[in-house]
Each structure stands twice: as C-alpha cells, then as structure tokens.
Protein chains: 2
Amino acid sequence: MDEVKLSLFGFGNVGRAVARVLLEKEKLFRERYGVGFKVVSIADTSGTVWLPEGIDLREALLVKETFGKLSSWTNDYEVYSFTPEEAVREIDADIVIDVTNDRNAHEWHLAALREGKAVVTSNKPPLASHYAELTEEAKRREIPYLFEATVMAGTPVIGLLRENLLGDTVERIEAVLNATTTFILSRMEMGLDFEEALRQAQRLGIAERDPSGDVLGIDAGYKATILHCVAFGPVTFDDARVKGIAEVTAGEVRRARAKGKTLRLVATVEKGRVAVEPKELPLESPLAVSNNENVAVIWTDLLGELVIKGAGAGLKETASGVVSDIVRASLRKA
Amino acid sequence: MDEVKLSLFGFGNVGRAVARVLLEKEKLFRERYGVGFKVVSIADTSGTVWLPEGIDLREALLVKETFGKLSSWTNDYEVYSFTPEEAVREIDADIVIDVTNDRNAHEWHLAALREGKAVVTSNKPPLASHYAELTEEAKRREIPYLFEATVMAGTPVIGLLRENLLGDTVERIEAVLNATTTFILSRMEMGLDFEEALRQAQRLGIAERDPSGDVLGIDAGYKATILHCVAFGPVTFDDARVKGIAEVTAGEVRRARAKGKTLRLVATVEKGRVAVEPKELPLESPLAVSNNENVAVIWTDLLGELVIKGAGAGLKETASGVVSDIVRASLRKA
C-alpha cells in the first residue's frame, strides 16, 4: 500500500470540495488503486497548517467553516506563515495541489517540479502565461504536471486531448468554456438587459462581485489558450483575441432569437489562433449549451467531429478534475 | 528511435485503412512520439505475408486491391498458411493487431499476451465473452491490451472511462452504439417501412448482406457489454438483455414522431445490468443522434452528466481508434 503525501494550497470552496472527496472516498481509492492519501499540509491566506503524520481533514474542514481561516486552529496544530515557495521547499510531499487564484503561482509550480514534486492545478493564469516553461520542466524531470480542472472543470477535455486521439491530427476546436456568460445571455433571451442579467447572476452566486474576468471573456480566453497549448503547442494569453459579452445588447439577443438562433460566448482554437467572441448559433448546434454546461467540438483528420459536453463549473465538478489528476499523478509515481 | 514491430491480422476495409494511416503518418509519428512502425506481417483469409525487415505497405495495399487476396503476392514475398495462433507464436512482433471478425480470437489474443506481445483489437466478440480472462492476463504480465475501436469506432469513450474520471464513480451509461439501426429508424421516420429501410441501408453499404448483427441488437449488445466491463467490471454478452429493431413497425415510429419524439436503439448500462432496446426519446435528448454518430451519456457522482458524441462507424474513424491504441501500446512499452 502506497501512502501518497499531498500538500494542498488553497482552502476555499474548491479546496474544501477536494478535501471532502478525499475524505469520503479514502476507502474506495485504497481498494480501487491501492493508494492511500495523506494530506500533510493545507494553506489558506491566513497561514499553513503542517503535520507530517497527516492532517485530520474532518477537523480542518470544521475549523475553516467555523472560523473562516486556518490560523484559528492553534490548539492541535502549528500554523506557519510560509510563502508558497517556502512551503513547497520545506514540506515533504509527493504532490503539490494548487487550487488558489494566485496569478504568480507558476513560480512555485516550477519550484515544486524542481524539488521532484508532482503538481496538480486548477489555477489557470500560470498555464495561460507559462505553459511551455512549466510543461518542459515537468517533461525533463518526468514528473506529472496535471491541469484537467483548468478547462471545463472535471469534464475531461484535457485528458481526452492529451491521452487519446493519439493517431489523429486535431484541426480545429470550437468551445463554450464559461458558464457565467451562458447564464447572462440566457437571461437576456428571456428579456432582461445585460445589467439586470448580471445582477441576477451575482445574486445567485454565479457571477463574482468583480465580474470582469467572466464578462470580458478573460476566463474563456485563459481556457482557450490552454486548449491551444495542449492541442497545437504553446502560445500565451497575450496572443489570444478576446471579446467578451459586456457590449452585447438586448436588441442583438432578440434579433438572434428572432432568426431561430442563440448567442453564446464561443472560443475558436486553430493552430496559431485563439479567439473568443459572442457568436450566433443555430439552436441545434452542439455549442448551444445551457445552464452550467460547457462543450468542446473537436475536429480531427480521421474522426471528423467529436463532441464532449459536461459540467463547466461547480464545486464537486471541479473537485472531480482535481482528484482525477491526484490519482493519476499517484499512479504514475508509484 | 524505437522501431516497433507490428503484426496485422485482417486486411479487409479496416485493416487497409489502418495500413494507410500508418503509411501516411509515418513521418508525423516519428516526430511526435519518436516511434517508427514496421509491419512485419499481414494476414488475410488467403494467407500470411511475413517479412521480418518490414513489408512495403504501399505494395501490400496494391496487391490486395488488385487481386483481392494477399496470397497472389508471390513474386517478392513468402506467403505462409499459419493459423492465427501459429502466426502469433512464430512471428517476432511487439504488437498484435486484430481487425478481423474472428469470433474465437480470444484464444490467440491470450497466446499473444503469453508471448509478451501487446494486443490492439477492434474485434468485439472476444471482449464481450472473455473480458475478465483477457484483461487479467494482460494485467498480470503488465502488457497493454487495448480495444478503443470496439465501441464507437475511434470516438474515445473507452479511453475516457479507463484513463479519466479517476476520482468519480460511474453510476449509469446510456448510449446509442449502432449507426445502422439509426439509419433504418431515420428512414422509417421518413415513411419507409422496416424492410424498405433495411434494403436501402444494404444498397448503400450501411447494412451488411446478413443484417442480423445490427438489427437484432447484437452489435450494440456486444458494445454495451464492453462498456459495462470497463465501467463496472466483467460481465459477458450472455448476461445482456437485448432487443433489436426488427419488430419496430412504421406505426410505432409514426406515433413517436407525432408526440415530438424519435426512436433510437438505446443501450442502458448500470452495475450488473446491460440492456439494449428501442426507446422513444425527446428530440432534444443528447441520445437523439443522426447519421453515423454514436453517443454515450455517462452519469457520475461528482460530475453529473457527461456526453461524448462522435463517429460510430466508418473506415478512417475506426482506424483512428486502432492507430491511437497502437501508439499508446508503443509508448507504454518503450
């Protein structure tokens, strides 16, 4: 029985969802893969809890949910104030898990790889800006660097492109990669204007207080950039042509509807080209998704058109991608 | 540079499509994977051509397409009359590729694995009847036994279930796995009766002269059985409850249509249960596919509903799955 040591960075909604899955499926993973997981550290913005023998996840969840921060947990555990780079170096772990929003996380991802630690991440900007550097470092050291949850949450589009279709040449990908804009555009189809639809999304917790990442197309742009990196080779987000939905008017939505069409924020990815913009789609198009669905339509030389569609957001749904990568990294290292 | 030796069994339409992809993408595969392929033997029902230095695929295709059988090729090559088991034992190869319809192929699949050879197959009955035996032998010897092309041609539903979603528990799969029945049901929706629709499918080469495998649901039943094996563990085709479309009447199709529904041959796969039967579907159901599309809707505990849809038949499309597995087997062995 292998014991795999995990170092968890980020204990917000996604981090806690990952912890819950690890807790609930401990026995299952031992049976199915012969692997046991031991979380040796958890970091949130208040500090890092570190226990080489393994942290009690049930307690950690309770502390975080009761007090809002890990640093309140001082009776049983030492709380350290490491920078992420210090933590990556100090803490003995097999897999570093990044479920933060740290825009500069590529630095400690690289530090982790150099320490021989696998990296599993749901954090997009490091990949959208430093894909080549990160994946080359991982390749050189033969260490897993895995990022399924960065695109379409746990819907395994990255796995599909990386591990399957090995004889095909991908020619083009079109995708709807942001569920918040789908929600807003759907509400606009029901008659709300952009501001009203956005406020409703915010009230329901679908859009963030600062919604610019979603509505300006940046989130979709990051994801489309990552898809390009995987399917066609490295580019950065700066190379992407991104237009969001902030300027979409109620009139445009109405006119599309009158033509029997629907507006969605569509990413188009071809070799050397990443573009995100609102597009009119026939209602029967595979891209005409609803709710929190994301979809990618992948065209290849041999297979023709391949559609993968599933949850693009949600806590369990994102944890699905993170945990799948944790298992994958564990099996490769074993 | 690794040279991977391939032994090809079956040189019908699919076998030749595989040979064509290997020929056309030789340079690409060397660049992309650092792997070169050498086909050391090709067998059709007339005999086995064997050349340890590697067979010229261009010539092999020309001979087969000109004379209809490999045994006509006597000026440059020896033609042997091996049984498949003899061939598997005699011929030095890294990967045995089965693109035959041999119902008893499990015997020589096992022989190949015992000889330390990887197996790549598009042949369904061996898996639908002997999954446990075959995959256990492969696992014990740590040799790839790969069968992506047995279900949904190259659309990577097997890869998705085997290599992804590692943290999820699959709860149910519903799928449309046979394109011939979709064609026949679609034509019946246009007003033809079953016999007329079947004859049209046969004229177009979509249905075989003996169409029973498709219309009685046996083909879909094999595939659903294989999906069960991968997602829930071994069962055999004998455990499947299969009802085809031979008894579907023009009236039933018309009545479904009048309700805004469509009939498709749907496979339902749950732990311990494999069922195939015609079902009425809402037109907007992801299962309401058309043409040669196949689709699988996979429900899991974390991700909810995941849809994978793509070509379920066709020569290039099937070769896609076979060649992807050949590459995968080569990379694992390297």
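Residues numbered from 1 in each chain as written. Chains lettered and ligands numbered in written order. Predicted model: local features only at pLDDT ≥ 70, side-chain atom pairs only at ≥ 80, totals over all residues. Heavy atoms only, no water.

Caption draft 1: Expanded view of the UniProt feature "binding site: L-homoserine" (unreviewed entry) in chain A. Residue and element names in this part refer to chain A. The UniProt entry lists Glu208 under the feature "binding site: L-homoserine" (unreviewed entry), expressed in the numbering used here. Inspection of the secondary structure puts glutamate 208 in the loop between helix H9 (194–203) and helix H10 (212–215). Taking relative accessible area as the criterion, glutamate 208 reaches 55% and is therefore assigned exposed. (UniProt positions renumbered as here; feature names shortened; annotations may be inferred. Helix = DSSP H or I, 4+ residues; strand = E, 2+ residues; numbered from the N terminus. Buried < 20%, exposed > 50% of the residue type's maximum accessible area, 1.4 Å probe, protein only.)

Caption draft 2: Quick look at the packing of helix H8 (residues 179–189) of chain A against H9(A). Residue and element names in this part refer to chain A. Where H8 meets H9, the closest approach of the two axes is 9 Å, and the angle between their N-to-C directions is 130 degrees. Classified by the angle their axes make, H8 and H9 are oblique. In the packing of H8 onto H9, the handedness of the crossing is right-handed. Residues Phe183, Ile184, Arg187 and Met188 of H8 pack against Phe194, Ala197, Leu198, Gln200 and Ala201 of H9. (Axes fitted to C-alpha atoms, helices over the stretch in contact; angles between N-to-C directions. Parallel < 35°, antiparallel > 145°, perpendicular 65-115°, else oblique. Left-handed = near helix turned anticlockwise from the far one by under 90°. Contact = heavy atoms within 4.5 Å.)

Caption draft 3: Spatial organisation of the packing of aromatic side chains. Residues and elements named next belong to chain A. Tallying each qualifying case throughout the model produces 20 aromatic pairs over all chains. Ring centres 5.1 Å apart and planes at 5 degrees place the aromatic pair tyrosine 80 and phenylalanine 82 in the stacked group. Phenylalanine 82 sits in the partly exposed class, given a relative accessible area of 22%. An aromatic cluster of three or more residues is present, and its members are Phe29, Tyr33 and Phe37. Taking NZ or CZ as reference, arginine 172 lies 4.3 Å from the ring centre of tryptophan 299, over its face. (Phe/Tyr/Trp six-rings, centres within 6.5 Å; stacked < 30°, edge-to-face > 60°. Lys NZ or Arg CZ within 6 Å of the ring centre and 35° of its normal.)

Caption draft 4: Main features of the interface of chain A and chain B. Taken together, the contact between chain A and chain B spans 36 residues of the former and 36 residues of the latter. For the chain A and chain B pair, buried surface summed over both sides reaches about 3,000 Å², with 52% attributable to carbon and sulfur atoms. Sorting the residues of chain A by area buried against chain B places A:Leu166, A:Leu302 and A:Leu303 first, and these three jointly supply 23% of that buried surface. At the boundary of chain A and chain B, one finds two salt bridges. (Buried area = accessible area lost by both parts, 1.4 Å probe. Salt bridge = Lys/Arg side-chain N within 4 Å of Asp/Glu carboxyl O.)

Caption draft 5: Structural context of the UniProt feature "binding site: NADPH" (unreviewed entry) in chain A. Residue and element names in this part refer to chain A. The UniProt entry lists Thr100 and Lys124 under the feature "binding site: NADPH" (unreviewed entry), expressed in the numbering used here. Across 25 residues of sequence, these annotated residues stay compact in space, with a maximum C-alpha separation of 9.6 Å. Positionally, threonine 100 belongs in the loop between strand S5 (95–98) and helix H5 (105–114). Those residues in contact with threonine 100 that lie beyond four places of it in its chain are Phe9, Gly10, Trp108 and Asn123. Of note is the side chain of threonine 100, whose polar atom sits 2.6 Å from the side chain of aspartate 98. Tracing the backbone shows lysine 124 in helix H6 (residues 124–141). Given a relative accessible area of 18%, lysine 124 falls into the buried group. Other than its neighbours up to four places away in sequence, lysine 124 contacts Thr150, Asp219, Tyr222, Lys223 and Ile226. (Polar contact = N/O pair within 3.5 Å; in protein donor to acceptor, adjacent residues only side chain to side chain.)

Caption draft 6: Seen up close, the domain arrangement of chain A. Residue and element names in this part refer to chain A. Partitioning chain A into domains gives domain 1 (2–153 + 315–333) and domain 2 (162–311). When each unit is reduced to the centre of its C-alpha atoms, the spacing between domain 1 and domain 2 is 28 Å. Residue-level contacts link 18 residues of domain 1 with 21 residues of domain 2. When the area that domain 1 buries against domain 2 is broken down by residue, the three leading residues are Ala128, Tyr131 and Met152, summing to 42%. A salt bridge links aspartate 219 to lysine 124, with the shortest nitrogen-to-oxygen separation between them at 3.6 Å. Between domain 1 and domain 2 we count five residue pairs in polar contact (both at pLDDT 80 or more) in total. Contributions of two or more residues to the side of domain 1 that touches domain 2 are made by H6, strand S7 (145–146) and helix H13 (315–333). Tallying contributions element by element places H6 first for the side of domain 1 that touches domain 2, with seven residues. Along the lines of polarity and charge, the residues of the side of domain 1 that touches domain 2 split into 11 nonpolar, two polar and five charged. (Domains from an automatic or database assignment. Nonpolar A, V, L, I, M, F, W, Y, C, P; charged D, E, K, R; others polar.)

Caption draft 7: Fine view of the pairing of strand S8 (residues 170–176) of chain A. All names here are of chain A. Buried residues dominate S8, accounting for five of its seven residues. Pairing between S8 and strand S12 (residues 293–300): six bridges, direction antiparallel. Among the inter-strand pairings, arginine 172 is bridged to a residue of S12, identified as tryptophan 299. Bridge analysis of S8 against strand S10 (residues 261–270) gives three bridges, and the strand direction is antiparallel. If you follow glutamate 174 over to S10, its bridge partner there is threonine 268. (Pairing = 2+ DSSP bridges.)

Caption draft 8: Examining H9(A) more closely. Residues and elements named next belong to chain A. Along H9, the residues classified as buried are Phe194, Ala197, Leu198, Gln200 and Ala201. Looking straight down H9, one finds its buried side chains confined to an arc of 160 degrees; they lie on one side. Elements in contact with the buried residues of H9: H8 and H10. Its side-chain oxygen placed 3.2 Å from the backbone nitrogen of glutamate 195, aspartate 193 serves as the N-cap of H9. (Arc of directions from axis to C-beta.)

Caption draft 9: How the structure looks around the pattern of salt bridges. A full pass over the atoms with the stated rule returns 46 salt bridges over all chains. Note that B:Glu189 is salt-bridged to B:Arg257, the shortest N-O span being 3.3 Å. In this pair, B:Glu189 sits in helix H8 (residues 179–189) while B:Arg257 sits in helix H12 (residues 250–258), placing the two residues 68 residues apart along the sequence. A network of salt bridges, in which partner residues are shared, links A:Arg114, A:Glu137, A:Arg140 and A:Arg141.

Caption draft 10: Representation of the sheet that holds S8(A) in the model. One open sheet accounts for 12 strands, arranged S9(A)-S11(A)-S10(A)-S8(A)-S12(A)-S13(A)-S13(B)-S12(B)-S8(B)-S10(B)-S11(B)-S9(B); its pairing is mixed. For this open sheet the edge positions go to strand S9 (241–242) of chain A together with strand S9 (241–242) of chain B, each flanked by a neighbour on one side alone. Its contacts with the sheet put H8(A) on S8, S10 and S12 of chain A, and the angle it makes with S10(A) is roughly 155 degrees. Its contacts with the sheet place helix H12 (residues 250–258) of chain A against S10 and strand S11 (273–282) of chain A, and it is angled at close to 95 degrees to S10(A).

Caption draft 11: Inspection of the relation of the copies chain A and chain B at higher detail. Of the transformation placing chain A onto chain B, the axial shift is 0.0 Å and the rotation is 180 degrees, giving an RMSD of 0.0 Å. Overall, the copies show the geometry of a two-fold rotation axis. Minimal C-alpha distance to the rotation axis in chain A is attained by A:Ile308, lying at 2.3 Å. Here 100% of the contact residues of chain A are again contact residues in chain B; the copies associate through an equivalent surface. (Least-squares fit on C-alpha atoms with pLDDT ≥ 70 in both.)

Caption draft 12: Up close: the sheet that holds strand S2 (residues 35–44) of chain B. All names here are of chain B. A sheet is described by the order of its strands in space; here seven strands give the open sequence S4-S3-S2-S1-S5-S6-S7, paired in mixed fashion. The open sheet is flanked by strand S4 (79–80) and strand S7 (145–146), the only strands paired with a single partner. Examined bridge by bridge, S2 and strand S3 (residues 47–50) share four bridges and lie antiparallel to one another. Of the residues in S3, the one forming a bridge with alanine 43 is threonine 48.

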